[in-house]
Amino acid sequence: MIGTDVQHAANLLKAGQLVAIPTETVYGLAANAFDDTAVQAIYKAKGRPQFNPLIIHTNGLHRIEEWGMQVPEKALALANAFSPGPISFVIPKSNQISDLVTAGHEYVAVRIPNHPLCLDLLSRLDFPLAAPSANKSGCISPTTAQHVADQFGEEIPYILEGGPCTIGLESSIVSFANKQIQLLRLGGLAKEKIEAVLNCKLSIEHIQNNENPLSPGLLSRHYAPTTPLYLESSVSPTSLGEPTKIACIRFQQYHPAIPKENQFILSEMGSLDEAAQHLFMAMRLADAGNFNCILAEVFPPHGLGLAINDRLKRAAVAS
Ligand code: AMP
Ligand code: MG
């Protein structure tokens, strides 16, 4: 069921149930992070491999400290600049956090989401919520409550309706494990903004090369529509057959060789933030449109363009 009853959502979570929650990045599939059985239900509902750890969510840094976790100084600087917001921090975990949440690691990813309904919900709970994106493992992340309902139906007791996600990409993840600072995932907060606060450059080579042992869930093909997706940089449209059967995902302008009605323009005004917000919706619509394939533009490699390209590459068929 979809609804806006925050107290009902809180009651279900307190009773160990799953609830889909709105955040500014994507919708999450949430459970009590202190409850093994509830956390196990997330993995089962998603079909998520057990080695892929979950991010925990709460409404303020003070609570993370109350639960016995020390936030490293540089993480604090980032949190002061950007939390609540689309950034997760990987920090040493406390015993209360289920080993299932961290897939046995000594570090846990934490985030304070910037969504009024979600913050209200979190403030009513005396535990953090473990919440991966509310999609079946490997599929496109949901940016509306209806996307969650389409995939899970009655499998989850409640979907808290919070409107369309305003960021539309998963959080950026910064790890402070082993006294090193490492960007583990490009996401809804631009890399340049993180670097400006940390006053250092962050490498993304290990992300681009899919060598990310600290974040096992980021290795695989992911975010994938069922229709084969190709990047414009790796194929020419003539090799893809009949143009009327090709969908396009583009930044600002139509592809000259494909019918306009097949094309999804992510931001006419050329805003990468707006493009990010529309990306997953466009992937879903293109997937549902009975096309033979999807051809996606490579976006400018700065700001959220880096994260958009990351998602498109993981969605693309190997070429
Ligand atoms: P999702 O919530 O589905 O967007 O996925 C969360 C991502 O965060 C996964 O790909 C994980 O690999 C990563 N992650 C979560 N917890 C940790 C952690 N403790 N250490 C490293 N990466 C993590
Ligand atoms: Mg996910």
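Scroll up a little and you will see the structure.
Source: prediction; values computed, not measured. (Residues numbered from 1 in each chain as written. Chains lettered and ligands numbered in written order. Predicted model: local features only at pLDDT ≥ 70, side-chain atom pairs only at ≥ 80, totals over all residues. Heavy atoms only, no water.)

Caption draft 1: Spatial organisation of the overall build of the protein chain. From N to C terminus, the protein chain includes eleven helices and 14 strands. Here the C-alpha atoms of the protein chain give a radius of gyration of 19 Å, agreeing with the 20 Å that 2.2 N^0.38 yields for 319 residues. Taking the principal axes of the C-alpha coordinates as reference, the protein chain spans close to 60 × 45 × 35 Å. Going through the 319 residues of the protein chain one by one, you find that 56% of them count as buried. As displayed, the protein chain has an accessible area near 13,200 Å², and 51% of this comes from carbon and sulfur atoms. Seen as two clouds, the 23 positive and the 29 negative side-chain charges of the protein chain have centres 3 Å apart. (Helix = DSSP H or I, 4+ residues; strand = E, 2+ residues; numbered from the N terminus. Rg over C-alpha atoms; globule rule 2.2 N^0.38 Å. Buried < 20%, exposed > 50% of the residue type's maximum accessible area, 1.4 Å probe, protein only. Areas by Shrake-Rupley, 256 points an atom, 1.4 Å probe, with all protein chains shown as cover. Lys, Arg positive; Asp, Glu negative; His and termini not counted. Charge placed at Lys NZ, Arg CZ, Asp CG, Glu CD.)

Caption draft 2: Inspection of the layout of surface pockets at higher detail. When its volume is computed, the largest pocket comes out at roughly 630 Å³. Forming the boundary of the largest pocket are 46 residues, of which Arg48, Pro53, Ile55, Ile173 and Arg185 lie nearest the centre. Mapped onto the lining of the largest pocket, the elements with two or more residues apiece are β4 (55–57), β5 (87–92), α5 (99–102), β6 (107–111), β9 (172–175) and β10 (182–185). Counting residues per element, the lining of the largest pocket draws most heavily on β6, at four residues. In terms of residue class, the lining of the largest pocket is made up of 21 nonpolar, 19 polar and six charged. (1 Å grid on protein atoms, 1.4 Å probe; cavity = no way out; pocket = protein on both sides within 12 Å on 5 of 7 lines; lining within 4 Å. Points joined across faces, edges and corners; volume = space filled by probe spheres on them. Nonpolar A, V, L, I, M, F, W, Y, C, P; charged D, E, K, R; others polar.)

Caption draft 3: Here's a closer look at the pattern of salt bridges. Applying the stated criterion to the full structure yields eleven salt bridges. Between Lys201 and Glu195 there is a salt bridge whose closest N-O contact spans 3.7 Å. Since its relative accessible area comes to 7%, Glu195 is described here as buried. Residue Arg311 is joined to Asp310 by a salt bridge in which the shortest nitrogen-to-oxygen separation is 2.7 Å. A single burial state applies to Arg311 and to Asp310, both of which are buried. Linked through salt bridges whose partners overlap, the residues forming this network are Glu170, Asp310, Arg311 and Arg314. (Salt bridge = Lys/Arg side-chain N within 4 Å of Asp/Glu carboxyl O.)

Caption draft 4: Region of the structure containing unusual backbone geometry. Here Ser83 and Pro84 are connected by a cis peptide whose omega angle stands at -5°. On the secondary structure map, Pro84 appears in the loop between α4 (73–82) and β5. Residue Asn178 is not a glycine yet carries a positive backbone phi of 55°. Among the secondary structure elements, Asn178 is positioned in the loop between β9 and β10. Although it is not a glycine, Lys179 adopts a positive phi angle of roughly 60°. Residue classification places Lys179 among the exposed positions, given a relative accessible area of 84%.

Caption draft 5: Main features of the packing of aromatic side chains. Counted under the stated rule, the structure contains three aromatic pairs. When the ring of Phe89 is compared with that of Phe176, the centres are 6.4 Å apart and the planes differ by 40°; the resulting orientation is tilted. Taken as a pair, Phe89 in strand β5 and Phe176 in the loop between β9 and β10 lie far apart in primary sequence, 87 residues in all. Overall, Phe176 belongs to the buried group, its relative accessible area being 8%. (Phe/Tyr/Trp six-rings, centres within 6.5 Å; stacked < 30°, edge-to-face > 60°.)

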